[in-house]
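As a plain string of letters, each chain reads:
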Amino acid sequence: MEQYIIKGGKALHGEVTIGGAKNAALGILSAAIMADDTVTVENLPDIGDINVLLQAIEKIGAKVERIDKHSVKINGSNINSMSIDYEFIRKIRASYYLLGALLGKYKKAQVALPGGCNIGSRPIDQHIKGFEALGASVKIEHGMIQAEAEELKGNHIYLDIASVGATINIMMAACLADGITIIENSAKEPHVVDAANFLNSMGASIKGAGTDVIRIKGVKSLSGSEYAIIPDQIEAGTFMFAAAATKGDVLIKNVIPKHLEAITAKLNEIGASVEEYDDAVRVIAAGRLGHTHVKTLPYPGFPTDMQPQMTAALTTSEGTSIVTETMFENRLKYVDELSRMGADIKVEGNSAVIVGVKGLTGAIVSAPDLRAGAALVIAGLVAEGFTVVEQVEYIERGYENFERKMQGLGATMAKIDIEDEKAVQKFKLKVS
Ligand code: UD1
């Protein structure tokens, strides 16, 4: 099994280019099957989750043609199955977006019910409530969610929680419903807006995405489109925190600075400087970072997907910081791994209380999930000595060429088989 090996203690310097947003791409690729014409999607990230979703789409009969690593053509005219197996849902929860896409287009869908995941239980009651409001009957049988409707009719839907997944899923189904749908308390994340823009590019009529009321006027059918996905806010934020934590100076290119405002504000607060350009940000940190309190909140608040990376950066900051996770109940489990590297962290309820230490020391740690895995890499870059991050497959689900991008910034990091003693020796020799 390949793992990351990192020799820490070096400040990151240079430029890195951010890829397309994973979470936008998951919604957009699912929506792409709703047209019978060919849809071209560009700026796709070449990562595990996207490749699994493309396989799921292909399995139900859509034609998927990879033009290159970052672009794909999808044609949904020959879909012959309305059923998505557990095989795919188990690998990526977001294949539940095919529920909204298939229900909208064919008025029928059957998708395996997603289970819990490493960051906590994640119900989908709001998705179901939305489909039912549009007139679908939804049953859960044999581990599958089955949604079916004679016809879908627009309705007024109030989400109890501003869920990203429910907003995108309901928006897709409502595009091809009869009449007007209003989603109140909708999620405002950049990828909700991107999914809406994509659907509009296919001929849908969606207004208000990015605010908490979305209005969708149903249309008869959707048509072909060419669309480029927005840059990944979380990949960008991860490099921003890696730059700050290592006291580096990094220009992060191909970003939308507005999407990074909550991250920028926190970095400024703890003493890093962030320069904003049209489509880039430069993060510079000279001395030791300071402490802060942060609470994860829906957009435009501080993203839960940046919580572990922020915590990693705060482990060596001056003073005591508190990081409160409000979205997912198990999302602080990784702190034990940071403690093994010498961090002083206590979990109290849904908060991590971090007393900044002077430095971390390298250790063998294991990535429990995608973002926590990225946080352990940041900690490894800061730590003195060697760190091995196991279970990198979690990290590769969401970051393209993570170790190569870090190497490009001067990080001493490689992906090698840790069991292969020769490879480990070679790495250690090369870097010492
Ligand atoms: C999406 C992101 C994920 C991010 C999260 C929050 C994708 C593919 N994933 O996940 O990376 O961490 O947004 O920004 O875009 N909830 C319910 N009932 C529902 C739906 C959600 O109770 O029907 C709760 C969840 O348990 C959670 C909160 O609402 O506590 C937010 O979840 P949601 O916004 O739906 O997250 P996801 O779309 O699953």
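Residues numbered from 1 in each chain as written. Predicted model: local features only at pLDDT ≥ 70, side-chain atom pairs only at ≥ 80, totals over all residues. Heavy atoms only, no water.

Draft legend 1. Expanded view of the layout of surface pockets. Empty space within the second largest pocket amounts to approximately 200 Å³. A per-element tally of the lining of the second largest pocket places helix α15 (residues 421–431) first, with five residues. The residue makeup of the lining of the second largest pocket, split by class, is seven nonpolar, two polar and two charged. (1 Å grid on protein atoms, 1.4 Å probe; cavity = no way out; pocket = protein on both sides within 12 Å on 5 of 7 lines; lining within 4 Å. Points joined across faces, edges and corners; volume = space filled by probe spheres on them. Helix = DSSP H or I, 4+ residues; strand = E, 2+ residues; numbered from the N terminus. Nonpolar A, V, L, I, M, F, W, Y, C, P; charged D, E, K, R; others polar.)

Draft legend 2. Geometry of the packing of helix α10 (residues 307–314) against helix α12 (residues 370–382). Close contact between α10 and α12 brings their axes to 7 Å; oriented N to C, the two are set at 20°. Between α10 and α12, the interaxial angle falls into the category roughly parallel. By crossing handedness, the relation of α10 to α12 is classed as right-handed. Between α10 and α12, the contacting residues are Pro308, Gln309 and Ala312 on the first element and Arg371, Ala372, Ala374, Ala375, Ile378 and Ala379 on the second. Of the residues belonging to the contact of α10 with α12, the class tally is seven nonpolar, one polar and one charged. (Axes fitted to C-alpha atoms, helices over the stretch in contact; angles between N-to-C directions. Parallel < 35°, antiparallel > 145°, perpendicular 65-115°, else oblique. Left-handed = near helix turned anticlockwise from the far one by under 90°. Contact = heavy atoms within 4.5 Å.)

Draft legend 3. Highlighting the packing of aromatic side chains. Considering all chains together, one arrives at seven aromatic pairs under this definition. Look at Phe239 and Phe402: their rings are 5.8 Å apart centre to centre, the planes differ by 65°, and that puts the pair in the edge-to-face class. Here Phe239, found in helix α8 (residues 233–245), pairs with Phe402, found in helix α14 (residues 402–408); they are 163 residues apart in sequence, far enough to count as distant. The class of Phe239 is buried, set by a relative accessible area of 0%. Aromatic side chains Phe241 and Phe302 sit 6.5 Å apart centroid to centroid with 75° between the ring planes, which places their arrangement in the edge-to-face category. Here Phe241, found in helix α8, pairs with Phe302, found in the loop between β18 (293–295) and α10; they are 61 residues apart in sequence, far enough to count as distant. By relative accessible area, Phe241 is classed as buried at 0%. Feature note: the residues Tyr4, Phe239, Tyr399 and Phe402 constitute an aromatic cluster, connected by ring pairs. A cation sits over an aromatic face here: Lys428 above Phe386, 4.8 Å from the ring centre. (Phe/Tyr/Trp six-rings, centres within 6.5 Å; stacked < 30°, edge-to-face > 60°. Buried < 20%, exposed > 50% of the residue type's maximum accessible area, 1.4 Å probe, protein only. Lys NZ or Arg CZ within 6 Å of the ring centre and 35° of its normal.)

Draft legend 4. Focus on the sheet that holds strand β15 (residues 249–253). The sheet built from four strands is open, its strands ordered β2-β15-β17-β16 with mixed pairing. Across the chains shown, the open sheet's two edge strands, defined by having one partner strand only, are β2 (13–17) and β16 (273–276). In this sheet, adjacent strand axes meet at a mean angle of 15° when their direction is disregarded. The pairing of β16 with strand β17 (residues 280–284) spans four bridges and is classified as antiparallel. By the bridge assignment, Val274 is partnered in β17 with Val283. Across the sheet, helix α9 (residues 261–269) is in contact with β16 and β17; its angle to β16 comes to roughly 140°. (Pairing = 2+ DSSP bridges.)

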